[in-house]
Amino acid sequence: MAAAERRAFAHKINRTVAAEVRKQVSRERSGSPHSSRRCSSSLGVPLTEVIEPLDFEDVLLSRPPDVEPGPLRDLVEFPADDLELLLQPRECRTTELGIPKDGKLDAQVRAAVEMYTEDWIIAHRRYQHLSSAYSPITTETQRERQKGLTRQVFEQDASGDEKSGPEDSDDLRHSSGSPEDTPRSSGASGIFDLKNLAADSLLPSLLERVAAEDVDRRNEALRRQHRARTLLTLYPAPDEDEAVERCSHPEPPCEHFGQRILVKCLSLKFEIEIEPIFGILALYDVREKKKISENFYFDLNSDSVKGLLRAHGTHPAISTLARSAIFSVTYPSPDIFLVIKLEKVLQQGDISECCEPYMVMKEVDTAKNKEKLEKLRLAAEQFCTRLGRYRMPFAWTAVHLANIVSSAGQPDRDSDSEGERRPAWTDRRRRGPPDRTSSGDDTCSFSSFRPATLTVTNFFKQEAERLSDEDLFKFLADMRRPSSLLRRLRPVTAQLKIDISPAPENPHFCLSPELLHVKPYPDPRGRPTKEILEFPTREVYAPHTSYRNLLYVYPHSLNFSSRQGSVRNLTVRVQYMAGEDPSQALPVIFGKSSCSEFTREAFTPVVYHNKSPEFYEEFKLHLPACVTENHHLLFTFYHVSCQPRPGTALETPVGFTWIPLLQHGRLRTGPFCLPVSVDQPPPSYSVLTPDVALPGMRWVDGHKGVFSVELMAVSSVHPQDPYLDKFFTLVHVLEEGAFPFRLKDGVLSESTVEQELRASLAALRLASPEFLVAFSHHVLDKLVRLVVRPPIIGGQIVNLGRGAFEAMAHVVSLIHRNLEAAQDARGHCLLLAAYVYYAFRLPGTEPSLLGGAPPVTVQPATLARGPGRPASLYLARSKSISSSNPDLAVAPGSVDDEVSRILASKGIDRSHSWVNSAYAPGGSKAVLRRAPPYCGADPRQAIDRSSTRTSSYLESSSSAPPATQPRPTVQKLLHEELALQWVVSGSAVREAVLQHAWFFFQLMVKSMALHLILSQRLDTPRKLRFPVRFLDDIAALVGSVGLEIITRPTRPSPSVSSTTSQSSTFSSQAPDPKVISMFELSGPFRQQHFLAGLLLTELALALEPEAEGASQLHKKVISAVHSLLCGHDVDPRYAEATVKAVAELYLPLLSIARDTLPRLHDFAEGPGQRSRLASMLDSDTEGEGDFGGTINPSVAMAIAGGPLAPGSRASISQGSATGSRSGCPLSAESSRTLLVCVLWVLKNAEPALLQHWAADLSLPQLGRLLDLLYLCLAAFEYKGKKAFERINSLTFKKSLDMKARLEEAILGTIGARQEMVRRSRERSPFGNQENVRWRKSVTHWKQTSDRVDKTKDEMEQEALVEGNLATEVSLVVLDTLEIIVQTVILSEARESVLGAVLKVVLYSLGNSQSALFLQHGLATQRSLVSKFPELLFEEDTELCADLCLRLLRHCGSRVSTIRMHASASLYLLMRQNFEIGNNFARVKMQVTMSLSSLVGTTQSFSEEHLRRSLKTILTYAEEDVGLRDSTFAEQVQDLMFNLHMILTDTVKMKEHQEDPEMLIDLMYRIARGYQGSPDLRLTWLQNMAGKHAELGNHAEAAQCMVHAAALVAEYLALLEDSRYLPVGCVSFQNISSNVLEESAISDDILSPDEEGFCSGKHFTELGLVGLLEQAAAYFTMGGLYEAVNEVYKNLIPILEAHRDYKKLAAVHGKLQEAFTKIMHQSSGWERVFGTYFRVGFYGARFGDLDEQEFVYKEPSITKLAEISHRLEEFYTERFGEDVVEIVKDSNPVDKTKLDSQKAYIQITYVEPHFDTYELKDRVTYFDRNYGLRTFLFCTPFTPDGRAHGELHEQHKRKTLLSTDHAFPYIKTRIRVCHREETVLTPVEVAIEDMQKKTRELAFATEQDPPDAKMLQMVLQGSVGPTVNQGPLEVAQVFLAEIPEDPKLFRHHNKLRLCFKDFCKKCEDALRKNKALIGPDQKEYHRELERNYTRLREALQPLLTQRLPQLLAPTTASLRNSLNRASFRKADL
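Attention here is on the structure that accompanies the text.

**Examining the pattern of salt bridges**
Moving on, step 1. Applying the stated criterion across every chain, the model contains 86 salt bridges.
Moving on, step 2. One salt bridge in this structure joins E1368 and R227, with 3.0 Å as the shortest N-O distance. Separated by 1141 residues along the polypeptide, E1368 in helix α44 (residues 1352-1384) and R227 in the loop between α9 (212-224) and β3 (259-270) bring together distant segments of the chain.
Moving on, step 3. Classification of R227 as buried rests on a relative accessible area of 18%.
Moving on, step 4. One continuous salt-bridge network, built from bridges that share partners, spans E220, R223, R224, R227, K1243, E1368, D1375 and E1378.

**Some points on unusual backbone geometry**
Moving on, step 1. Residue P520 is bonded to the preceding K519 through a cis peptide linkage, with omega at -5 degrees.
Moving on, step 2. Looking at the element boundaries, P520 is found in the loop between β13 (517-518) and β14 (529-531).
Moving on, step 3. With omega at -10 degrees, the peptide bond leading from F1863 into P1864 counts as cis.
Moving on, step 4. Mapped onto the fold, P1864 is located in the loop between β36 (1851-1863) and β37 (1869-1880).
Moving on, step 5. Even without glycine at this site, F509 takes up a positive phi of about 55 degrees.
Moving on, step 6. Residue classification places F509 among the partly exposed residues on the basis of a relative accessible area of 23%.
Moving on, step 7. Positive phi outside glycine occurs at I1757, with the angle close to 55 degrees.

**Topic: the packing of α9 against helix α46 (residues 1411-1427)**
Moving on, step 1. Direction vectors running N to C along α9 and α46 enclose 165 degrees, while the axes themselves pass 10 Å from each other. Between α9 and α46, the crossing angle belongs to the class labelled roughly antiparallel. Our pair here, α9 against α46, has a crossing hand that is left-handed. Counting all contacts with α9, which are made through A212, V215, D216, N219, L222 and R223, the residues of α46 involved are H1416, A1419, T1420, S1423 and K1427.
Moving on, step 2. The residue inventory of the contact of α9 with α46, partitioned by class, reads four nonpolar, four polar and three charged.

**Some remarks on helix α16 (residues 469-479)**
An α-helical turn contains 3.6 residues, so any two residues separated by three or four positions project in the same direction.
Moving on, step 1. Burial in α16 covers these residues: D471, L472, F473, F475, L476 and D478.
Moving on, step 2. Those residues of α16 that are buried are in contact with β4 (277-285), β5 (290-291), β8 (336-345) and β9 (391-400).

**A few points about the side chain of K1867**
Moving on, step 1. Within the secondary structure, K1867 sits in the loop between β36 and β37.
Moving on, step 2. For K1867, a relative accessible area of 10% corresponds to the buried category.
Moving on, step 3. Of the polar contacts made by the side chain of K1867, one reaches the side chain of D1561; its length is 3.2 Å.
Moving on, step 4. Apart from the residues lying within four places of it in its own chain, the contact partners of K1867 are I1560, D1561, Y1564, H1588 and E1596.

**Quick notes on the environment of S319**
Moving on, step 1. Locating S319 in the fold gives a position in the loop between α10 (303-306) and β7 (324-329).
Moving on, step 2. Setting aside residues no more than four positions away along its own chain, S319 makes contact with L511, L515, P528, K530 and E597.
Moving on, step 3. There is a polar contact of 2.7 Å between the side chain of S319 and the side chain of E597.

About the cut-offs
Residues numbered from 1 in each chain as written. Predicted model: local features only at pLDDT ≥ 70, side-chain atom pairs only at ≥ 80, totals over all residues. Heavy atoms only, no water. Salt bridge = Lys/Arg side-chain N within 4 Å of Asp/Glu carboxyl O. Helix = DSSP H or I, 4+ residues; strand = E, 2+ residues; numbered from the N terminus. Buried < 20%, exposed > 50% of the residue type's maximum accessible area, 1.4 Å probe, protein only. Axes fitted to C-alpha atoms, helices over the stretch in contact; angles between N-to-C directions. Parallel < 35°, antiparallel > 145°, perpendicular 65-115°, else oblique. Left-handed = near helix turned anticlockwise from the far one by under 90°. Contact = heavy atoms within 4.5 Å. Nonpolar A, V, L, I, M, F, W, Y, C, P; charged D, E, K, R; others polar. Polar contact = N/O pair within 3.5 Å; in protein donor to acceptor, adjacent residues only side chain to side chain.

Right, dumping it as structure tokens:
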């Protein structure tokens, strides 16, 4: 078609609208198109500008298939066989269809039958399942794909098991003997042990000299083996919440069921059995006051009783013998009752009389009542014979279903299980909370409860006046009350046994409500179960899917009170009459129980002697397919004569009435109150209603309504809605063309039918939603038919397209609104989706009769001009006719018959004629449509014709036989019509359509698919399959809908289908741009790979730091990319070679992630990490990673085996560049997903491409790329099985914790501030130890599953997958590093890049890695070191130290493969160092240091395995032929033996892991051993500090840091003499006297500048500052603020010298804090420093500790019992039960009396002791608790061995202990080095006691402020007369007589003086007390004074006597001897 002929509006719409939309999007996103700094490098096109894509079809056409064959071409092309048409047989529940067999069916029934029997027609796409939208990648599918993964061997998992790996089990038995046997000094035995060990197997060809290229090639080949094929299978599935789109094929429409209950009636037994009893079951909802099921009739009578009715019974149909029923409940509620009614054969007497025998007689009295029973049986037999066809009400009862469900107990089944059983449109609505609001107990489920068997024993007799449903509801409501009136009534006793259970999924022998056999029905002779039809309490929105046509008749009441004559025992006979003749009663009434299946008449039960009976009867009728005007229900009223009287008939008709079933063609239903005629109705009565008073007829009660009856239809044929009825009627009339036609009261002619139809279309929106949904398939089919085949009335085409389209929009909207609960994840209504997918078909697609029919004349019609298209759309259309109206069939003026005929038969292209040019481009497309090729035309002709003009054709086929006049029909294409109508629709309709655009789009898509398949057009080129006009309409639609989506950000937008890479062209034949542009979002890239470019552009924009509000988008956009890549990974079509091409689409992802690096979550933990390598390489000042200075990794990290570069991050000055780029950081989860996408690209991209790209990167960019790889390693590090178990328990704990928090918040027990503080504390569970690496248990990302309680298998599987992921990620990183190394090998900046590469390699080796990765990683490390040895041996030592540490750790691995490779690497490292300078001092030093730090801190370290590796290295040295002549082997041997000895020393540490004191002692001993190796001593001091900090010993940790600082100060003093530096240990004396032991060994032994010594970074001024700061921090934590000051005295001069004012300010701030705290805690009680105990160990079991005494420092306020319990428990665990004994006293231990098999511990509380002179200096509480060396404890004893005795025999032993070092020291227990004992005599003991008492009195008296209570207590103890061994007794014992021994004179005199002092202090105290007391205590004070007076008087004579020696004159010399010496010395 020429361009000029395209419709004008198409020119504007097709491209421009799309471009406009894109521009609009970009404006919405960014404010202005140029706001972003991100410009594409090559074309400079901003990312916010969308580039126009290449025309995909043109690209394909320009490259013929033979140019580019192979799989790539197949991927680019759309699959030719994608679309296929499937006819899916409609599933029928029943064995037979149940549709009417009658030949003559009216149009409506015929349409219904067709609809319910035709198969589903599905346009199936074969490759759709490959899309992630249809086969989502979920956790389950991932798990399926993860099956068969190989288990990766990880060191930490191996060490977690008690037994080690299988390969090592033998070697472990061969241990190196007991470590105790090998003292450190005995090198000989160590050497012997090492030589006797078995080595690991050696790596083949390791010692050969091979070219580096060959080694690399071999390494690469090995790396390629055993790799995971897909990476993303190992990563958690994309988050469901962020899914791009989730599509699923809807379930086929099926019959609706609620929750189903199976009720089985087992037996019914009365006390007396005399007559048949019949049962009726039904469900009633009390609250809704509604019967919610039809009746189920059952008969449990015995055969003998049934025999009584022989006279009346025919042979019963098997369907009437059912005893079990399945009830369905859509809206379960606790108000539902199962009501059981019983009836019996009519007999004389009212109900009460008939019930009497049943209530009175008991089964036990059968013998007694024999005669009565016989009489009753006889009567019953007579009544059965005579009145057997009539029933009477008897009794009833009810079962409250909620009680059954709850008492049966809910089993652990999903309560929605029935939903899965039978999906229905109302499922979700049904399962939602019910709409009721009254009580909380409404949630009630009948789908899952334990089956229950009930025995109902009490029945209530029916009451004649209260039989109606209203009365029943009152009774039921009353039954629920505790004081029910019914309980007071006398019951009819019986036993009815019923079983109630949830209905099984597919019950056997089941009958549908129409009595059809439901599959499976194994044997037609089996007793059936009936499905009982439900009458839901509220609307159920579900479409009809099967033929159902039932009518229920409910007679309610009859009022014959005014009827004359004998009318008392009344019954109503119901008949369904097809005419007025009695023989025309149809057998359509369902039988009840034990009778025929269908009957012609049925009777209501009789209420004896009641002229106004009420009825509860239900008659169920099967409506005939064709209900005509003559069909009616005839009700005949009879009086039944109970007594047989001669001449009296059994039944006498006493009235007649009827209901015509059709009125104006509609089925009549609802309540009726009918007049009753006394006479037989006259002829032709059936067409009138009884309301018409026919002449000559007599009526009961003067033609008033006396009979109340209700009709209810359950029909899938009759809509029962006036609007739907009218619409269907009109459509069928038009189809049949039967004019004139009566519609209600009017008559429709051809002239008026169009107007009526339009009105009816508009009124469809008023239809009842329930019926509209039920008949939705019918309605939509009819509307589609009206659009596609406009009716032809009177030879003219009536275009109802617009009306039908609008009606369709409103119908869809209504259905959607009412089914809001039943929607899929995308918000699509499931009912509508199922209609499109299954039920929708193009009308007339069945092949028609060929030939025969003459061409049809079509008159142009000028009907119904509605508003046309918007003016803008048709300005430039055909000039000849401007009135282009979509409702217009042809232009004004006529087309003659000939033209029509030619056009109809030939399909000639008349696009240039004036006729067609008017209608084709702009008109309605309704005229002159060609016959579709699949309706009888030749396919080849069809294709030829369709290429010329594909939009309109005329169908001239008819399904009528050729003899009749064919109906003219015009055939349009639905998709074209829908598109056109949508484009031109008005705003209101457009709004409705837009709301549910998905439905119309899906309808169009299916229509297009059906059209292409059925017209066989799939082979035509894609561009020619649809007419240009249609494509223009689609373009216009896409434009307008697109604009709608972005201009309404609040509304949920329609889902966008996930893009697949198929839509993008990629080809090696493309013009070859620079490789770099493939890695950037350049113009050509975005144009050629439009969809991938679009997605990556969105990603880049969302990740821009300036993007506002982008943080919410991060997850979405990254998830979109992730989902796509997952799709590629699981798509079987992408073979390996192809994936490389697919990966090219995502290459820019690498650049995007590299630029986003600063904002990715830092998995390597710590600020400044992200640019750790970029900063090394960044020479530009503008680079983002421009951070001055390289990062020094800390030794602490090395000790921990941690990441490379954290350490002293203070040195990293965060440049301003990062500040500006900071933006919003990405969450851990988003970062991890982005990184895994980057890794996917790196894994699947062509290595050559990556190499080209890396070569073009600038140095900072390369640095950032390396940082990205570093981050990948950190993000995917394997956490170990233990971590998974820990997370599992943590999650559980957390959930409990959250519950407690919630309660706190609700109860208000926690304030907002506390909450904030708590959160800030919680944020880092490890305090501020940011550089600690053992935080393995912390996971930075969301775990794959949120479930709390995972099974062991699940955790195993998680660990397996995680291990494989970590391994694959590390290998991908390794591959990339190899590519980078090959790229930069020739560049100038080689060293810096290679250094950074090596750091990443080292980091990867330091992480927890699998054996598989480590063998490749170590191979790469060996290759790097052999190619570039200068990296390690000429640069700084950090890399070498790190490498040694990692290699040594792996040498100690439990996994032999890891050990083999690690020992090989370590050996080659030594060899290379040796080859450079003939010794390997550097490696030697670093290895020794590494070993120390490893052994000191790593819990899971294995010495046995490390010894094996040392032996392996020895073996390499012995077998290395190349170096045999050198000293290398000898040096290696020396080093190995040295390492072996260190190991032996540290083995003991292992044993004492649980004994902190012993562990610290051993660490201390090892540190002492390194006195000559400062680096190692420093390492061990730091290890000790770490251990102390872990145990909470902050003072000791601080001492370790002070010792370390002193050590560094010593060596700094040796190197240089700086005034501001400490001069060595001496400077630290004030902090601790112990520090002097760190003084340096003399210079001749050690030179600090020698290679490898003091080379650690701590041996610098900065290192010293760091150590001092740590010491101060520990002192602060320990509350030793005075020591903080001393530390800072050494630190401040250094900071002043460096002019570091910032730090000085901080230091002085901390000092101020410390001094403030000292002031506030002056008394010292606020901080308690420690409690001391002497602990002695006795017994050979203690080994080294035997007979050793220690002073233990324990935490403050530790009680003796606590330490005793701790030590006893610990050693009992170690030595076993009944071995450890605690010595209870403090007396010296006699070893000879001890049991040699036992271990004895003696524990005594000791106090610090100070000489008097010391106390002058130790003024403060701190002074008296710091620097303690001497301790004292006292032991009381008597000469006869008891501890306590009389005063005159009470001795005391004082023991002084001196320790090696002063407390606090670098350990918490110090050996006792000196012991001194003093024994006090009884008088000396008394003197001490009296001095103590006097001091207490003095203290209490002088206390300020005074404390009266304390004073009185002390006074009472001093002067109280009853005090045992009080002062008076002491005086009487020791002062009564002057001692005979002159040596005791002094003690006697001293005691006397003590008493004098004591009396004086008592007096002072009494005086003070008098001043303090109130009036109430005066008497008490007087008592105290009296006591004191008595005491003083008693003491007076004792104190006055003088010693004879003292009375003699003293010589001067003797007087002088008293000056300072003790009494004893003077006397001696």
